[in-house]
Amino acid sequence: MIPGEGQGVVSRRQHAGLQHLASFAEAGRTFLGPVKSPKFITDGQGQESVLVTSAARLLEGLDLSGAAGQLLREAVLAHSNAYGTGVSTLLFLVGAWSAGAEECLHLGVPVPVIAAVMEEGLRVCTDEAGSLQASLDQVSTLLDSTQTLSSLDTHSASLCPCVPSAPGPAAHSLALPRLPRTRVQSPSLTRWQTEPQRSLSGAPRGRLPTGHRSRELALACSRHFCGAGGGEWARQPQGAGGCSAAVELGLSHGDAGSMRLAAAAARLLGQSSPAPRDGPQACALDLTRVVTCCLPGLPEAASLVCAGYVAVVPVASATVARDLQARPLQVLLLEGDLTESYRHPGFRPPANVSTVLGSVWGWPAGTEKPWADRVLQALAQLCVDLVLVQGLVPEHLAERCARGQRLVLGSVAGCVLQAFAEASRARPVAYLSQVDGDCVGSGVRVAPWHSGTVGVAAEAGAAVTLQAEGLRLVTAVLTSPLATQGQSRADRFWACACRLHHALREQRVFLGGGALELWCLRRLQALAGQGSGGAPTAPGGLLGGGSWLASSLAHYRPAVLGRLARGWHRYLCVLLCNTARCASELEADSLVQRLLQDAVGPCWPPARAWGGRSEPGTCALGEAPAVLDAVTPKLEAWRRALDLVLLVLQTDSEVVTGPGCMPAGPPGPEDPLLL
Amino acid sequence: KEAAFNLSLILKEEMKNTSWIRKNWLLVAGVSFIGVHLGTYFLQWSAKQSVKSQSVIKRKNMSHLEAKKPSLCESEPLASERFRTTLSVFKGIVSSCYGPTGRLKQLHNGIGGSVCTTSQSSALLANLSVTHPILKILTTSLQNHVSCFSDCGLFTAILCCNLIENAQRIGLTPTTVIKLNKHLLSLCTSYLSSEVCCCRISVDFSSTHLLLCLVRSILTSKPACMLIKKEIDHVSALILKAFLLTIPENAKDHIILGKSIIIPLKGQRVIDSTVLPGILIEVPDIQVMKILPVKKSDSLKVALFCSSLSGDLSDTGEGTVLVTYGVSLENAVLEQLLNLGRQLVNDGVDLVLCQKVIHPSLKQFLSVHHIIAIDRVGVALMEPLSKATGTQPIGSLDSISPNSYGSVKDLRSTKFGSKHFFHLLPNEATVCSLLLCNRNDTTWDELKRTCQTALHVLQLTIKEPYILLGGGCTETHLAAYIRYKICNEPENILKDNGCTQVELQLIAEAFCSALESLARSLEHDGGDILTDLKYGHFWSVQANSPSVNWQDLLSRCGCGLYNSQEELSWSFLRSTHQAFMPQTCLPHEAVSSDNNLTLDCFTSKISGLQVAVETANLILDLSYVIEDNN
């Protein structure tokens, strides 16, 4: 056969794929839990480096060229696109369970049995994990009744689940250094946040009938919402697109700052929503209506959420924004680039048409104005003051527009265009030539954006903010001292926002902080102990009832379930180590063992998991004040992790097609087989 | 007079020439000598070349001549070591994929392309690039089978490999083997198609029970879909529902089935999959907002375009088109598009669907006139759209004939996951959309192939309303039946084929053991296979089990019809045992009540059997392989 054309059938030892998975997953170990150690990924020459703080970004930076790596990337991307949270759990469990599956292979357990038992174990856990779910209302009641405002403050500042249950000075000493402990007070902040409330003057506060309790809750939801007067926490009615502060804190997973922003975004969106609808959807955080704007150079504490759209523009445009501040603007929305050569997607410009200059039929050459002039003229005719362009805007054109007191913003996200289209009744178009009077919207206001007393004046430009009545859009302005951190800052915000989104949408949360995993461990131990009586209804699950594998399940079940449980065990240990509650994995291991033994009885009341024991000097997982987790993303992360492991486990050979399948060198026993 | 003058001139000239030759005779003699020698040299050279090759290839460049390579001729190709190893590698690949506990294969290009994890013959055969000529015959005929019947590809492949290997082992002349194989095949097919056959169930379409079992068996046999039991039940119900939606309500003499379109929704949970009557068209979210509320009437008038309305110039051919400055071709085309738009408005069209892109200006024009425009529908949806709406796809921008318009009952917009869809409800719906979810790309692709297979199998089942028992039981039963027939009634065959009793015994044994080892391929983890001596069904048992008390070790047979508590006796499938006539009656109560039956498509399996035997015969008949290497 001709080299480079056929394919080779690479027979591998059965668990090479599992080993690959385990080694890839090991790289993401430090991203588990609330305290994440950032990593630098550098290229070969050390020329460029990226700072990563999440498992998804880590995988983007790794070279996963093998088949198993490719599948891992696919699984992580799919999960991250669908849920935006739980990726590090997914990655870790892939590693832990592939190691477990490999151990099972060494023990001589047949592959279909491993797959069936592991699948059964996970199914039992996910089906019965319902008992650890709580509705948001329940959680709020429970948390509010057990915690005082001051302890809330304490917990918010030290969310790693290692706070002794008695609030006191010790708690403060455990505070994470990252969390800002000063409150930012700024007049401009107050102005921007009160404006939407003023504009909705007709609507009573908290009018969303979302089925929440109507009693006033003491909310410590966001420092950005504190009253202008001083350091008192604002008391707000619950319901305006949010949930209780304790729930938010529980969902923040140690990143209280980002969660406050996400919660503020939810609340702002709830207020600006045009017509409250019934049902749980009404109070969900619509992530398509949230955008972020990264501002490097400011301290992290200056981040905030404001209604409307915030963007960084060149200095010239910022001046225009200041001048246009006074009046409502006419807005035009463009879906493509604002360039002469732009054509809508799907249009193929003809290759072989050339224009003949000169005047054959008496057209005087060059009478037509340059394109930019025509653009300006069109904008002037339509009295457009503001153009939002989804694609690119050439710099010189933006400058010329600025000279004519028109603001042109490029690279605006599609969801922003949509929000403005709804609010200003503008109709997005692809070309300027399409524009008529109906396409132009009105009522948009622009202003320079200030962060507190510090005006934002970076070298790149200044930030402006756009507002319109009824605009359903909020911007999280994320500040970071270093430009490198911008990406991870945004990732952290989105992780919190996604978690909050899912919690609000489902109106249910899990007790997190390891409680769920501990419960699963316990459940699996019980299941393994039951032996053959474990699942009498479905003998063998997917294995046909007649296969000998089905009848041998009982024999192998304890071993396989033990390996599955081992995955969660390791998860808990790494969690404990990462949060510095245990110095070594050995210590963590014995702590988890002790916790498992302490929780006696077949029906382990989940409340105990976080009611907790409070012996001084020991820190049980159960003492975590109220770490909460979104339900579906967590269960899906488990399922996807196990699916990936089982998919690779059941694969026995790779078929490599196309070029790249012919290894150079003398033939050996490991060589691919050729057809 | 003039002619005479001319003649004399020529003569004069000639005389001049002769005189020149005479003058320089030495030179002339030398040159002609060299010429003659050169000529003979070239003659010899070219003769040599033509002996060496059969012809001379002319390349574009006349000066480049290349000799043709000689053809390779291989006699007795089946006996060669290369063929044996290649065949056993191929058999290893296909048989390791077979059945619900089969192992998966990762197909990828080795340089970071997407990975296809599969155990299905269709994906496997499409990606294996085979170079051995005999194996090519095999894979081509398998691909043909799979494209016609979707199912039983691996069955066919393994059986064919087994037949070839067994026939080689017994070493009889190919003619005898082929003749008897054909006879045995006809014995099989006539038995399977007869009323007495007890591994065939006739389908009662008044209940969904058997059809659900059939679909469930197909889903279960593809482990790369990564479904749990609950999901398998859900998806099989959906597939059956999708199939039922394609059956027209007013069935006349012959039914024309509609089409189920599989719409991808990757990244979601399988349990979120659903079936909707009508056609779903995915649209970007920004477009949903632009669509105006549909005006309420009984039906919407539809125009369907298969040409691009993006304002492209139609192909201008080679050469350059010169355009005077100031004349814009784009504007000219756009004007033509807008004229088309005006005609659509005049004709009262409510909905414009376009396979490709619609120019934004035309879209705007249409939306101003309250016409909904949906573009980028894609080629896959064109045929169902055209059928469901009764439109003729319009391919030109010129005037539209009024009878190319169609209609739909209603149009809605829906959202699944994060995607927006338009939901088109036709007047007479035999088209439905199966919105298929799975967690990632690899598993989604596998699930899609599986669903297509299942839908196809259901179509085949409605044509021939029979189902075969699966799980290896049909194969072992068939083998037992043939053994018995050959043992007890060999006279007819011997008479017809003119062969000896011994030959017949040998070949029938090879045929039956090919079937049995096919059934054994279902086992991948070292278990043993038994067969009972009453029904001839397939039973699996752990390796090295003590051969007492089979009754307690076994639970159910492969297809799930019989359990071990009946008074049965068992024997290893490999061992020789007394030929027996498998019992030929089907317990109808069990068939109609048992929910865990493993079933196979009748039509696919019969065809697979035929293809396997005929391909094996074809390959066994080969005595020379001549490879043209040019």
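Procedures and definitions
- Residues numbered from 1 in each chain as written.
- Chains lettered and ligands numbered in written order.
- Predicted model: local features only at pLDDT ≥ 70, side-chain atom pairs only at ≥ 80, totals over all residues.
- Heavy atoms only, no water.
- Helix = DSSP H or I, 4+ residues; strand = E, 2+ residues; numbered from the N terminus.
- Contact = heavy atoms within 4.5 Å.
- Areas by Shrake-Rupley, 256 points an atom, 1.4 Å probe, with all protein chains shown as cover.
- Buried < 20%, exposed > 50% of the residue type's maximum accessible area, 1.4 Å probe, protein only.
- Phe/Tyr/Trp six-rings, centres within 6.5 Å; stacked < 30°, edge-to-face > 60°.
- Lys NZ or Arg CZ within 6 Å of the ring centre and 35° of its normal.
- Buried area = accessible area lost by both parts, 1.4 Å probe.
- Polar contact = N/O pair within 3.5 Å; in protein donor to acceptor, adjacent residues only side chain to side chain.
- Nonpolar A, V, L, I, M, F, W, Y, C, P; charged D, E, K, R; others polar.
- Axes fitted to C-alpha atoms, helices over the stretch in contact; angles between N-to-C directions.
- Parallel < 35°, antiparallel > 145°, perpendicular 65-115°, else oblique.
- Left-handed = near helix turned anticlockwise from the far one by under 90°.
- Pairing = 2+ DSSP bridges.
- Disulfide = S-S within 2.5 Å.
- pLDDT = per-residue confidence, 0-100.

Q: For this particular structure, what's the right way to read the overall build of chain B?
A: From N to C terminus, chain B includes 20 helices and 23 strands. A separation threshold of at least 6 residues defines the contact pool for chain B, and within that pool the share at least 24 residues apart is 74%. Here chain B displays about 29,900 Å² of accessible surface, and carbon together with sulfur accounts for 55% of that area.

Q: For this particular structure, what's the right way to read the overall build of chain A?
A: Per the secondary structure count, chain A includes 21 helices and 20 strands. Every one of the 675 residues in chain A was classed for burial, and the buried ones make up 56%. Across chain A, contacts joining residues at least 24 apart in sequence account for 78% of those joining residues at least 6 apart. Of the roughly 27,400 Å² of accessible surface on chain A, 55% is carried by carbon and sulfur atoms.

Q: Looking at this structure, how should I read the packing of aromatic side chains?
A: How two aromatic rings sit relative to each other is set out by the distance from centre to centre and by the angle between their planes. Under the criterion given, the structure shown has eleven aromatic pairs over all chains. Here the aromatic rings of Trp550(B) and Phe572(B) are separated by 5.7 Å at their centres, their planes lie at 90°, and the arrangement is edge-to-face. With Trp550(B) in helix H18 (residues 550-553) and Phe572(B) in strand S21 (residues 570-572), this pair connects stretches of sequence that are 22 residues apart. Judged by its relative accessible area of 29%, Phe572(B) is partly exposed. Lying over the aromatic face of Phe31(A), Lys39(A) brings its terminal NZ or CZ to 5.8 Å of the ring centre.

Q: Honestly, the interface of chain B and chain A in this entry has me stumped. Any pointers?
A: Where interface size is quoted, it is often the accessible area lost as the parts come together. At the junction of the two partners, chain B supplies 80 residues and chain A supplies 83 residues. Buried area between chain B and chain A, both sides added, is near 6,900 Å², and the carbon and sulfur share of it is 56%. Across the contact surface, chain B and chain A share 24 residue pairs in polar contact (both at pLDDT 80 or more). Here the residues of the side of chain B that touches chain A sort into 29 nonpolar, 35 polar and 16 charged.

Q: Just to check I follow, could you spell out the packing of helix H11 (residues 256-272) of chain A against helix H16 (residues 485-506) of chain A for this structure?
A: Two packed helices can be described by the angle between their axes and the distance between those axes. Residue and element names in this part refer to chain A. Closest axis-to-axis distance for the H11/H16 pair is 8 Å, and the angle between their directions is 50°. In this view, H11 runs oblique relative to H16, as classed from their interaxial angle. The handedness of the crossing between H11 and H16 is right-handed. Note on element contacts: H16 touches H11 through Arg489, Arg492, Phe493, Cys496, Ala497, Leu500 and Leu504, opposite Ser258, Met259, Leu261, Ala262, Ala263 and Ala266.

Q: Where do I start with the pairing of strand S15 (residues 462-468) of chain A in this structure?
A: Put simply, side chains in a regular strand alternate between the two faces of the sheet. Residues and elements named next belong to chain A. Among the seven residues in S15, seven count as buried, and that is most of the element. Here S15 shows a buried face lined by Ala462, Val464, Leu466 and Ala468 and a second buried face lined by Ala463, Thr465 and Gln467. One ladder, built from five bridges, connects strand S7 (residues 309-313) with S15; its direction is antiparallel. When the sheet's bridge partners are listed, alanine 311 is paired in S15 with valine 464.

Q: I tried to follow the environment of Ala224(B) on my own but got confused; where do I start?
A: With respect to the element layout, Ala224(B) can be found in the loop between helix H8 (209-220) and helix H9 (229-245). The buried category is assigned to Ala224(B), whose relative accessible area is 0%. In this structure the C-alpha to C-alpha distance between Ala224(B) and Thr443(B), which are 219 residues apart in sequence, comes to 6.3 Å. Apart from residues no more than four positions distant in its own chain, Ala224(B) is found in contact with Leu647(A), Leu104(B), Thr117(B), Thr118(B), Thr443(B) and Glu446(B).

Q: Even after reading the chapter, I still don't get the sheet that holds S7(A), so can you show me in this structure?
A: Strand pairs in the sheet, formed through backbone hydrogen bonds, run parallel or antiparallel to each other. Residue and element names in this part refer to chain A. In space, the six strands of this open sheet follow the order S7-S15-S12-S8-S10-S11, with mixed pairing throughout. Bordering the open sheet on either side are S7 and strand S11 (407-409), each of which pairs with just one other strand. In this sheet, neighbouring strand axes are inclined to one another by 35° on average, regardless of whether the strands run parallel or antiparallel. Sheet analysis places strand S12 (residues 441-448) next to S15, joined by five bridges and oriented antiparallel. Looking across to S15, one finds that alanine 447 is bridged to threonine 465.

Q: Hey, could you run me through helix H10 (residues 245-252) of chain A in this one?
A: Owing to its 3.6 residues per turn, the α-helix brings residues three or four apart onto one side. Most of H10(A) sits inside the fold, with eight of its eight residues counted as buried. Turning to H10(A), its buried residues are Ala245(A), Ala246(A), Val247(A), Glu248(A), Leu249(A), Gly250(A), Leu251(A) and Ser252(A).

Q: Sorry, what's going on with the state of the cysteines here?
A: A covalent bond between the sulfur atoms of two cysteines is referred to as a disulfide. Residues and elements named next belong to chain A. All told, the structure shown has zero disulfides over all chains when counted by the stated rule. The structure places no disulfide on cysteine 582, whose sulfur is separated from the nearest cysteine sulfur, that of cysteine 577, by 6.0 Å. Among the residues examined, cysteine 582 registers a relative accessible area of 5% and is labelled buried.

Q: When you look at the sheet that holds strand S13 (residues 372-374) of chain B in this model, what are you seeing that I'm missing?
A: Residues and elements named next belong to chain B. Pairing in this open sheet of four strands is mixed, and the strands run S13-S12-S10-S14 from one edge to the other. One side of each edge strand has no neighbouring strand; the edge strands of this open sheet are S13 and strand S14 (406-408). Strand-to-strand twist of the sheet, defined as the mean angle between neighbouring strand axes without regard to direction, takes the value 30°. Pairing analysis gives four bridges linking strand S10 (residues 300-305) to strand S12 (residues 351-354), with the strands arranged parallel. Bridging across to S12, phenylalanine 305 finds its partner in cysteine 354.

Q: Can you walk me through the environment of Leu417(A) in this structure?
A: Residue and element names in this part refer to chain A. As for its position among the elements, leucine 417 is in helix H15 (residues 414-424). Accessibility expressed as a relative area gives 0% for leucine 417, which makes it buried. Residues contacting leucine 417, with those up to four places away along its chain left out, are Leu333, Leu334, Glu335, Leu388, Gln390 and Val412.

Q: What is the right way to look at the confidence of the model for chain B in this model?
A: Keep in mind that low pLDDT regions are not for reading the predicted coordinates in detail. All names here are of chain B. With 89% of its residues at a pLDDT of 70 or more, chain B has an overall mean of 86. For chain B, the element scoring lowest by mean pLDDT is strand S1 (residues 56-58), at 45; helix H20 (residues 602-620) scores highest, at 96. Scored below 50 in pLDDT, residues 3-12 makes zero contacts in the model with residues more than four places away or belonging to other chains. Scoring of the predicted complex yields 0.84 for pTM and 0.85 for ipTM.

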